[in-house]
Amino acid sequence: MQTGVQAESRQTDVMDPDRANALAVALGLGRGVDAGDALPPFFHQIYFWEAQPPGLLGRDGHPRVGTGLIPDLGLPRRMWAGGALHFHARLRAGHMAEKRSRVADVTLKQGRSGPLGFVTLAHEIWQGGQLCLTERQDLVYREDAAPEAEAPIPPMARNDEETRRAMAFSTTLLFRYSALTFNGHRIHYDIDYARAVEGYGGLVVHGPLLAQGLLLMAEDAAPVRAFTFRATAPLMHDEAATLCRCGQDMWVRGPDGRQCMVATVEH
């Protein structure tokens with residue numbers, strides 16, 4: 001790994017209830033969060049910002065690889081492929097918390113479309129001397145697609161759900177979620193970049209935003225203890241999604257029936 005890459009990092013943040021309320025409003029939840037209240041699951045994504053000056057950003061708007069935890073693998077396209085969360089105790093709004101992060105694994109493989117770099121980050125969030133959350137974050141890095149390359153055929157989603165929920169997106173929602181998570185990835189708000197540079201059909205809905213929708217759906221049934229998810233196909237901003245559940249299995253189905261995400265939940 002290059003000079004400048006950190007083995008681990010620590011950040012602190014007061015879990016501002018106003019920020020949580022802003023996300024709740026953006027998602028149309030219609031409920032308030034006061035200081036001392038338990039945060040909804042996955043809301044920790046809007047805290048612990050990694051703010052970097054323009055000179056330390058990559059072409060995609062993310063912090064440049066090789067300067068933080070992420071090594072430079074020579075692969076320019078980044079995707080959040082999935083992750084796993086274990087909720088040991090609920091984080092509380094308005095209280096100081098510490099996030100401890102490290103690189104758990106870096107692997108290079110040869111895929112059908114070229115080389116792939118897999119980076120696994122391990123996070124812990126502590127509050128009041130207690131471990132509240134452990135998280136695995138799976139990132140994939142790949143080459144730019146050749147202009148003549150055919151898009152991969154996505155898998156088709158199941159149709160045996162016991163419960164379902166529709167979720168629509170707009171450019172405003174994607175912008176708000178990017179702002180609240182301090183995610184500068186241009187595929188979520190710069191449509192020219194998303195199409196011309198990364199080869200998408202439009203603005204890409206954040207993988208964590210889809211996971212957030214599934215988690216909130218699961219939380220309506222009972223408090224969530226563990227959640228694992230994997231992205232399988234991108235969803236564009238002008239496409240509605242169907243959030244589905246059958247037992248412990250959850251998934252996101254696109255309007256054409258393709259599978260965009262699969263997940264497993266434990267209560």
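So, here's what we can say about the structure. (Residues numbered from 1 in each chain as written. Predicted model: local features only at pLDDT ≥ 70, side-chain atom pairs only at ≥ 80, totals over all residues. Heavy atoms only, no water.)

Let us now look at the nonpolar core. With 58 residues, the main nonpolar core has L39, F169, L209, F227 and F229 as its most contacted residues. Of all the elements, helix α4 (residues 207–219) adds the most residues to this core, at eight residues. Every residue in contact with L209, bar those within four places of it in the chain, is listed here: L27, M167, F169, L173, L174 and Y177. Counting six residues, the second-largest nonpolar core is a separate cluster that includes I187, Y193, A194 and V204. (Core = buried A, V, L, I, M, F, W, Y, C linked by side-chain atoms within 4.5 Å. Buried < 20%, exposed > 50% of the residue type's maximum accessible area, 1.4 Å probe, protein only. Helix = DSSP H or I, 4+ residues; strand = E, 2+ residues; numbered from the N terminus. Contact = heavy atoms within 4.5 Å.)

With that settled, consider the pairing of strand β7 (residues 226–231). In the sheet, strand β2 (residues 77–87) pairs with β7 via five bridges, with the strands oriented antiparallel. Looking at the pairing, A84 lines up with T228 of β7. With six bridges joining them, β7 and strand β10 (residues 259–266) adopt antiparallel strand pairing. By the bridge assignment for β10, R230 is matched with V262. (Pairing = 2+ DSSP bridges.)

One non-glycine residue with positive phi stands out, namely F48, at about 60 degrees. Of note, F48 is situated in the loop between α1 (17–26) and β2.

Attention shifts here to the pairing of strand β5 (residues 130–142). Successive residues of a regular strand alternate their side chains across the two faces of the sheet. As judged from the 10 bridges shared by β2 and β5, these two strands associate in the antiparallel manner. When the sheet's bridge partners are listed, R77 is paired in β5 with R142. Pairing between strand β4 (residues 114–127) and β5: 12 bridges, direction antiparallel. Directly across from E124, in β5, lies its bridge partner T134. Hairpin connection of β4 to β5: two residues between the antiparallel strands, including G128 at a positive phi of 60 degrees.

In terms of burial, α1 is largely enclosed, as seven of its 10 residues are buried. Among the residues making up α1, those that are buried are P17, R19, A20, N21, L23, A24 and A26. Its side-chain oxygen 3.0 Å from the backbone nitrogen of D18, D16 forms the N-cap of α1. Phi for G28, located one or two positions after α1, is positive at around 75 degrees. (Polar contact = N/O pair within 3.5 Å; in protein donor to acceptor, adjacent residues only side chain to side chain.)

Bringing the sheet that holds strand β1 (residues 8–14) into the picture now. Read from one edge of the open sheet, 10 strands run β1-β3-β4-β5-β2-β7-β10-β9-β8-β6, paired in antiparallel fashion. Every interior strand has two partners, whereas the edge strands, β1 and β6 (163–167), have only one. Taking each pair of neighbouring strands and ignoring which way they run, the sheet shows an average axis angle of 20 degrees. Its contacts with the sheet place α4 against β2, β6, β7, β8 (241–246), β9 (249–253) and β10, and it is angled at close to 45 degrees to β8. (Axes fitted to C-alpha atoms, helices over the stretch in contact; angles between N-to-C directions.)

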